[in-house]
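Secondary and tertiary structure notes
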Amino acid sequence: MTLKIIVALFSAVILNGCSTTLPDSSTAKTQFWRDEAFDPTELPVIESKASLFALDPDLASALLERRRNGVSVHQRLDYLIATLFTQGKIRIAYTAGHSTNAAETWVSKRGDCLSLTLLTYSAAQALGLDASMQEVRVPVAVDRRNGTDFVSGHVNVVINNTSAVAVNGRGLPGGTTVIDFEPQIGSRRAGNVLTDEQIIARFYNNRGSELFA
């Protein structure tokens, strides 16, 4: 899920400040800020926009071939669904806690909602489908890991189509089709459409949250 904010560590800092004496300025930098831990020469490489949306080469080739065959929008959407899902289950597992780019998500066959959104959106674009990424309002979820609280939101992909499609044997009417790997209350409603840059900002936020924790 899209990690929005970290709560516990900030709270710990505030409580500690209320109960202890602040050090003098000569020691504050080394004790609190730990700037050396964020040396730009040692930080992990953060993905570029191109690398975030790039598909695994084999998958990209298969999708392009399907598109070149001149099949209808309905058939291409069915193909996308069949690529991501099988009868009664998901080909790619939903796993919270770490966001990955589209190619890595496909290869590992797992990812959080942001990872799966990147993969689905990129695959839909490769097929020439009218797809958008959106942030939807769902019940607030808090995930505690190692004493840190992550407050999570949710993103998914919506595709505009004129024909009905079948997902796991169930027919969905034409108009819009929401592709969501962990559907929940509110996730199939219309949400706030996100630009590429807005989804990238959320990806960087997730990575920053992981590094901060």
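This report concerns the structure included in the present document. If you're wondering where the values come from, they're calculated on a predicted model, not measured in any experiment. (Residues numbered from 1 in each chain as written. Predicted model: local features only at pLDDT ≥ 70, side-chain atom pairs only at ≥ 80, totals over all residues. Heavy atoms only, no water.)

So, on to the pattern of salt bridges. Applying the stated criterion to the full structure yields 4 salt bridges. For Asp 196, the salt bridge goes to Lys 49, with nearest N and O atoms at 3.6 Å. In this pair, Asp 196 sits in helix H8 (residues 196-212) while Lys 49 sits in helix H3 (residues 49-53), placing the two residues 147 residues apart along the sequence. The network of salt bridges with common partners includes Lys 49, Asp 196 and Glu 197. (Salt bridge = Lys/Arg side-chain N within 4 Å of Asp/Glu carboxyl O. Helix = DSSP H or I, 4+ residues; strand = E, 2+ residues; numbered from the N terminus.)

Our next topic: the packing of helix H4 (residues 57-68) against helix H5 (residues 73-84). Contact pair H4 / H5: the axes reach a minimum separation of 10 Å and the direction vectors enclose 160°. When the axes of H4 and H5 are compared, the pair comes out roughly antiparallel. As for how H4 packs across H5, the hand of that crossing is right-handed. Here Leu 59, Ala 62, Leu 63, Arg 66 and Arg 67 of H4 come into contact with H5, specifically with Gln 75, Arg 76, Tyr 79 and Thr 83. (Axes fitted to C-alpha atoms, helices over the stretch in contact; angles between N-to-C directions. Parallel < 35°, antiparallel > 145°, perpendicular 65-115°, else oblique. Left-handed = near helix turned anticlockwise from the far one by under 90°. Contact = heavy atoms within 4.5 Å.)

On to the side chain of Ser 99. With respect to the secondary-structure elements, Ser 99 resides in the loop between strand E4 (93-94) and helix H6 (102-108). Given the relative accessible area of 1%, Ser 99 is considered buried. At 2.6 Å, the side chain of Ser 99 forms a polar contact with the side chain of Asp 112. Dropping the residues within four chain positions of it, Ser 99 is found in contact with Asp 112, Leu 114, Ser 115, Phe 203, Asn 206, Arg 207 and Glu 210. (Buried < 20%, exposed > 50% of the residue type's maximum accessible area, 1.4 Å probe, protein only. Polar contact = N/O pair within 3.5 Å; in protein donor to acceptor, adjacent residues only side chain to side chain.)

The next thing to look at is the side chain of Gln 134. Residue position: Gln 134 is located in strand E6 (residues 130-145). The exposure class of Gln 134 is buried, given its relative accessible area of 4%. In this structure the side chain of Gln 134 is engaged in a polar contact, spanning 2.9 Å, whose partner is the side chain of Asn 156.

Turning next to the packing of helix H7 (residues 113-126) against H8. The geometry of H7 relative to H8 is characterised by a closest axis approach of 11 Å and an angle of 150° between their N-to-C directions. Overall, the two elements H7 and H8 adopt an arrangement that is roughly antiparallel. Seen along the crossing, H7 lies across H8 with a hand that is left-handed. For the pair formed by H7 and H8, the contact residues are Leu 114, Thr 117, Leu 118 and Tyr 121 on the first element and Asp 196, Ile 199, Arg 202, Phe 203 and Asn 206 on the second. The residue inventory of the contact of H7 with H8, partitioned by class, reads 5 nonpolar, 2 polar and 2 charged. (Nonpolar A, V, L, I, M, F, W, Y, C, P; charged D, E, K, R; others polar.)

Let us look at H7. The terminal C-alpha atoms of H7 lie 20 Å apart, and with 14 residues this matches the ideal 20 Å at 1.5 Å per residue to within 8%. Most of H7 sits inside the fold, with 12 of its 14 residues counted as buried. Every buried residue of H7 is accounted for by Cys 113, Leu 114, Ser 115, Leu 116, Thr 117, Leu 118, Leu 119, Thr 120, Tyr 121, Ser 122, Ala 123 and Ala 124. Gly 128 lies just past H7 and shows a positive phi near 75°. (Expected span 1.5 Å × (residues − 1).)

Before going further, it helps to spend a moment on the packing of aromatic side chains. For the structure on display, the rule yields 3 aromatic pairs. Ring centres of Phe 85 and Phe 181 lie 5.1 Å apart, and the angle between their planes is 15°; on these two criteria the pair is classed as stacked. Note that Phe 85 is positioned in strand E2 (residues 85-86) and Phe 181 in the loop between strand E10 (175-179) and strand E11 (192-194), a separation of 96 residues in sequence. By relative accessible area, Phe 85 is classed as buried at 10%. (Phe/Tyr/Trp six-rings, centres within 6.5 Å; stacked < 30°, edge-to-face > 60°.)

With that out of the way, let us pick up the pairing of E6. When E6 meets strand E7 (residues 148-161), the two strands line up antiparallel, connected through 12 bridges. Pairing of Glu 135 across the sheet is with Val 155, part of E7. A loop of 2 residues connects E6 with E7, the two strands running antiparallel in sequence, and Asn 146 in this loop sits at a positive phi of about 55°. Where E6 lies against E11, 3 bridges are found, and the strand directions are antiparallel. (Pairing = 2+ DSSP bridges.)

Of note, His 98 is situated in the loop between E4 and H6. His 98 sits in the partly exposed class, given a relative accessible area of 36%. When the C-alpha atoms of His 98 and Arg 207 are compared, they prove to be 7.7 Å apart, with 109 residues separating the residues in sequence. Contacts of His 98, omitting those with residues within four sequence positions, involve Asp 112, Ser 115, Arg 207 and Glu 210. Of note is the side chain of His 98, whose polar atom sits 2.9 Å from the side chain of Glu 210.

Structural measurements only, silent on function.
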